[in-house]
Amino acid sequence: MTLLVVGAAGQLGREMVRVASASHLVVGLSRDDLDVTDPAAVRIAMEAHRPSVVVNGAAWTDVDGCELDPERADLVNARAVGHLAEACDLVGAHLVQVSTDFVFDGTPGPDGVLAPYDEDHPTNPLNVYGISKLAGELAAGAGATVARTTWLQSADGPGMVGRILADLEGEGPVELLGDRRACPTFIVDLVPLLLELADERVPGVVHVVNGGVASWAEVGRLVATEIGADPDRILSVTETDLGPPRPARRPTYSALEGKALRRLGHQSLRHHRDAVAATVARLRG
């Protein structure tokens, strides 16, 4: 099948193009190639390439930027998805829309317990970014695959693990946030499963994350242990310790649980600790 990757220059788009090229005819369009906010341009691109599947990796992910410019956030993260969905309908293509944990608010359930959110949990975004991405989910339509994921880590760059490694090569403590927890998810694991969902044209919301829940401070200790450094050099700090409040509120807990994947018979992604170990080996190899 022909697969069209929108946002092909981003960290997710690059890996999608690389992996999918082994089994699909792939067309990758960057922001310079296609302005997804222009419905006419989107329709022309879709009619020119006539893909079987479209993976939308295009988004404005600057959370604070979205808070300061809600109109642009809505244009890129919501209305543009509607343009893609309409153009997909014209050529019979299946849309895969990548979404976010920020559609949730991070508050405990009625029993006062924090637990990973499954696909059926009510949404309640705290910021403009989350609001725009939730609107994008709706704009994608009921037949689209909406893949929510969290804390994406690059497949071809250093990412957070690389930054932690660099800090540990220096002296003294390494401060990392410990007051926000989610599921660190590695694009190298995410992309193959997205392709499976695309091939199967799975409709609806699917949570796709690496296993386990962690803060960045906990990830930092994993990295330190992996390289034989003292994990106590990692200091857990709060957002308020790092400076003035940022424009956008973030959920303090936004871990996701993939019940839909199990219902579909798909294997869950490996635990994030194994992905961290593999990333450390890649970056130090």
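Refer to the preceding data block for the structure.
Here is a short report on the structure shown in this document. (Residues numbered from 1 in each chain as written. Predicted model: local features only at pLDDT ≥ 70, side-chain atom pairs only at ≥ 80, totals over all residues. Heavy atoms only, no water.)

Moving on, we come to the overall build of the protein. When you go through the protein residue by residue, the secondary structure sums to 10 helices and 10 strands. Since a compact globule built from 285 residues should have a radius of gyration of about 19 Å, the 19 Å found for the protein is in line with a globular shape. Overall, the protein is about 55 × 40 × 40 Å in size when its C-alpha atoms are taken along their principal axes. For the protein, with 285 residues in total, the buried portion stands at 51%. Sequence separation of at least 24 residues holds for 81% of the intrachain contacts in the protein that already meet a minimum separation of 6. Accessible area for the protein stands at about 12700 Å²; split by element, carbon and sulfur atoms hold 51% of it. Positive and negative side-chain charges in the protein, numbering 25 and 39 respectively, have mean positions lying 2 Å apart. (Helix = DSSP H or I, 4+ residues; strand = E, 2+ residues; numbered from the N terminus. Rg over C-alpha atoms; globule rule 2.2 N^0.38 Å. Buried < 20%, exposed > 50% of the residue type's maximum accessible area, 1.4 Å probe, protein only. Contact = heavy atoms within 4.5 Å. Areas by Shrake-Rupley, 256 points an atom, 1.4 Å probe, with all protein chains shown as cover. Lys, Arg positive; Asp, Glu negative; His and termini not counted. Charge placed at Lys NZ, Arg CZ, Asp CG, Glu CD.)

Turning our attention to the nonpolar core. Ranked by internal contacts, the top residues of the largest apolar core, which has 27 residues, are L3, L12, M16, L194, V206 and V208. Tallying contributions element by element places helix 7 (residues 187-200) first for this core, with 8 residues. Sequence-distant contacts of M16, that is, excluding residues within four places in its chain, are made with L3, V5, V55, V191, L194 and L195. In this structure, M46, A85, A87 and A144 belong to the second largest nonpolar core, which totals 23 residues. (Core = buried A, V, L, I, M, F, W, Y, C linked by side-chain atoms within 4.5 Å.)

Turning next to helix 2 (residues 39-49). All buried positions along helix 2 are accounted for by V42, A45 and M46. The buried residues of helix 2 occupy an angular sector of 95° when the element is viewed end-on, so they sit on one face. Across from the buried face of helix 2, at angles greater than 90 degrees, the exposed residues are I44 and A48. Buried residues along helix 2 sit against strand 1 (2-6), strand 2 (25-29), strand 3 (53-56) and helix 4 (70-91). Of the residues flanking the start of helix 2, the one acting as N-cap is D38, its side-chain oxygen 3.0 Å from the backbone nitrogen of A40. (Arc of directions from axis to C-beta. Polar contact = N/O pair within 3.5 Å; in protein donor to acceptor, adjacent residues only side chain to side chain.)

Running from N to C, helix 8 (residues 216-227) and helix 10 (residues 272-284) point in directions that differ by 50°, and their axes come no closer than 10 Å. In terms of their interaxial angle, helix 8 and helix 10 are classed as oblique. As for how helix 8 packs across helix 10, the hand of that crossing is right-handed. On helix 10, the residues touching V219, L222, V223, E226 and I227 of helix 8 are H272, R273, V276, A277, V280 and R284. Looking at side-chain class alone, the contact of helix 8 with helix 10 contains 7 nonpolar, 1 polar and 3 charged residues. (Axes fitted to C-alpha atoms, helices over the stretch in contact; angles between N-to-C directions. Parallel < 35°, antiparallel > 145°, perpendicular 65-115°, else oblique. Left-handed = near helix turned anticlockwise from the far one by under 90°. Nonpolar A, V, L, I, M, F, W, Y, C, P; charged D, E, K, R; others polar.)

Turning our eyes to something else, we now look at the side chain of T2. Within the secondary structure, T2 is located in strand 1. Apart from residues no more than four positions distant in its own chain, T2 is found in contact with L25, V27, H49, R50, P51, S52 and V53.

A word on the packing of aromatic side chains. Here the structure, examined in full by the defined rule, presents 3 aromatic pairs. Their ring planes at 0° and their centres at 4.2 Å tell us that F104 and Y117 sit as a pair that is stacked. Remark: Y117 occurs in the loop between strand 4 (94-100) and helix 5 (128-140) and F104 occurs in the loop between strand 4 and helix 5; sequence separation between them is 13 residues. Here W151 and W216 contribute two aromatic rings whose centre-to-centre distance is 4.7 Å and whose plane-to-plane angle is 15°, an arrangement assigned as stacked. You can see W151 sitting in the loop between strand 5 (145-149) and strand 6 (152-153) and its partner W216 sitting in helix 8, a full 65 residues away along the chain. On the basis of relative accessible area, W151 is assigned to the buried category, the value being 12%. Across the ring face of W60, the terminal group of R72 is positioned such that the distance to the ring centre comes to 3.9 Å. (Phe/Tyr/Trp six-rings, centres within 6.5 Å; stacked < 30°, edge-to-face > 60°. Lys NZ or Arg CZ within 6 Å of the ring centre and 35° of its normal.)

Our focus in this paragraph is the pattern of salt bridges. In total, this model carries 11 salt bridges according to the counting rule given. Between R148 and E137 there is a salt bridge; the shortest N-O distance is 2.8 Å. Of the two residues, R148 is situated in strand 5 and E137 in helix 5; the sequence distance between them amounts to 11 residues. The buried category is assigned to E137, whose relative accessible area is 8%. As a salt-bridge pair, E218 and R181 come within 3.1 Å of each other at their nearest N and O atoms. Of this pair, E218 sits in helix 8 while R181 sits in the loop between strand 7 (174-177) and strand 8 (185-186), placing them 37 residues apart in sequence. When salt bridges that share partners are traced, they join E71, D74 and R79 into one network. (Salt bridge = Lys/Arg side-chain N within 4 Å of Asp/Glu carboxyl O.)

Our focus in this paragraph is the sheet that holds strand 1. Spatially, the 6 strands line up as an open sheet ordered 2-1-3-4-5-9, and their pairing is parallel. Here the strands that pair on one side only, and so sit at the sheet edges, are strand 2 and strand 9 (204-207). Pairs of neighbouring strands in the sheet enclose a mean axial angle of 20°, with direction left out of account. Relative to strand 5, strand 4 runs parallel, the two being bridged by 5 bridges. When the sheet's bridge partners are listed, T100 is paired in strand 5 with T149. (Pairing = 2+ DSSP bridges.)

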